[in-house]
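Understanding the architecture of this molecule
Spelled out, the chains give:
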Amino acid sequence: AVKSVDLQPLPRPNLILMVFDDLGWADVGFHDSNIPTPNIDKLAKEGLILDRMYTAPECTPTRAALMTGRYSFRVGLQYFTTLRPGSAQGLPPRSTSSSTD
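Analysis parameters
- Residues numbered from 1 in each chain as written.
- Predicted model: local features only at pLDDT ≥ 70, side-chain atom pairs only at ≥ 80, totals over all residues.
- Heavy atoms only, no water.
- Helix = DSSP H or I, 4+ residues; strand = E, 2+ residues; numbered from the N terminus.
- Contact = heavy atoms within 4.5 Å.
- Areas by Shrake-Rupley, 256 points an atom, 1.4 Å probe, with all protein chains shown as cover.
- Lys, Arg positive; Asp, Glu negative; His and termini not counted.
- Charge placed at Lys NZ, Arg CZ, Asp CG, Glu CD.
- Phe/Tyr/Trp six-rings, centres within 6.5 Å; stacked < 30°, edge-to-face > 60°.
- Patch = residues over 30% accessible without salt bridge, like charges linked within 9 Å, V, L, I, M, F, W, Y side chains within 5 Å.
- Salt bridge = Lys/Arg side-chain N within 4 Å of Asp/Glu carboxyl O.
- Buried < 20%, exposed > 50% of the residue type's maximum accessible area, 1.4 Å probe, protein only.

Below, the discussion takes up the overall build of the protein chain. When helices and strands are counted, the protein chain shows two helices and zero strands. When its C-alpha atoms are laid out on the principal axes, the protein chain stretches across 65 × 45 × 20 Å. Restricting the contact set of the protein chain to residue pairs at least 6 apart, pairs at least 24 apart contribute 25%. When the accessible area of the protein chain is evaluated, it comes to approximately 9400 Å², of which 55% is carbon and sulfur surface. Looking at charge distribution, the protein chain has the averaged site of its 10 positive side-chain charges lying 10 Å from that of its 10 negative ones.

Listed below in structure tokens is the structure:
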């Protein structure tokens, strides 16, 4: 006999993604820093720490990769440091971003 199982969709997880510009490894308390970061330390203790990843040394390539899910060189933003307001540079108009559902 086969039992009927009522499958309910799993609830969507809560996700907090924090991106810090110019944050060094020893700039947070949970890495034995002299800098007090109690809220970040609590989040690290109660959550998941992703400490093995690749990032660009400048903010624009990192943000482009984060927004599109693609390497920054795939969208042509690997060499930019900061895009100023009104700049003609940016993501290609037909780029799909992570905010597109």
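Here the narrative resumes, following the displayed structure.
Next up on the list: the packing of aromatic side chains. Under the counting rule described, the total for this entry stands at one aromatic pair. Arranged with centres 5.4 Å apart and planes meeting at 5°, the rings of Tyr71 and Phe73 form a pair that is stacked.

Turning next to a nonpolar patch on the surface. On the surface, a cluster of nonpolar side chains totalling about 470 Å² of accessible area is made up of Ile16, Met18, Phe20, Leu23 and Leu43. Here Phe20 lies in the segment before α1 (38–46). Taking the relative accessible area as the measure of exposure, Phe20 reaches 40% and is therefore partly exposed.

Right, let's get into unusual backbone geometry. Note on backbone geometry: most residues besides glycine have negative phi, and most peptide bonds are trans. We note that Asp32 has phi near 60°; this positive angle belongs to a residue other than glycine. In this structure, Asp32 sits in the segment before α1. Of the residues examined, Asp32 reaches a relative accessible area of 74% and is grouped as exposed.

Keep in mind that these numbers describe shape and distance, not what the molecule does.
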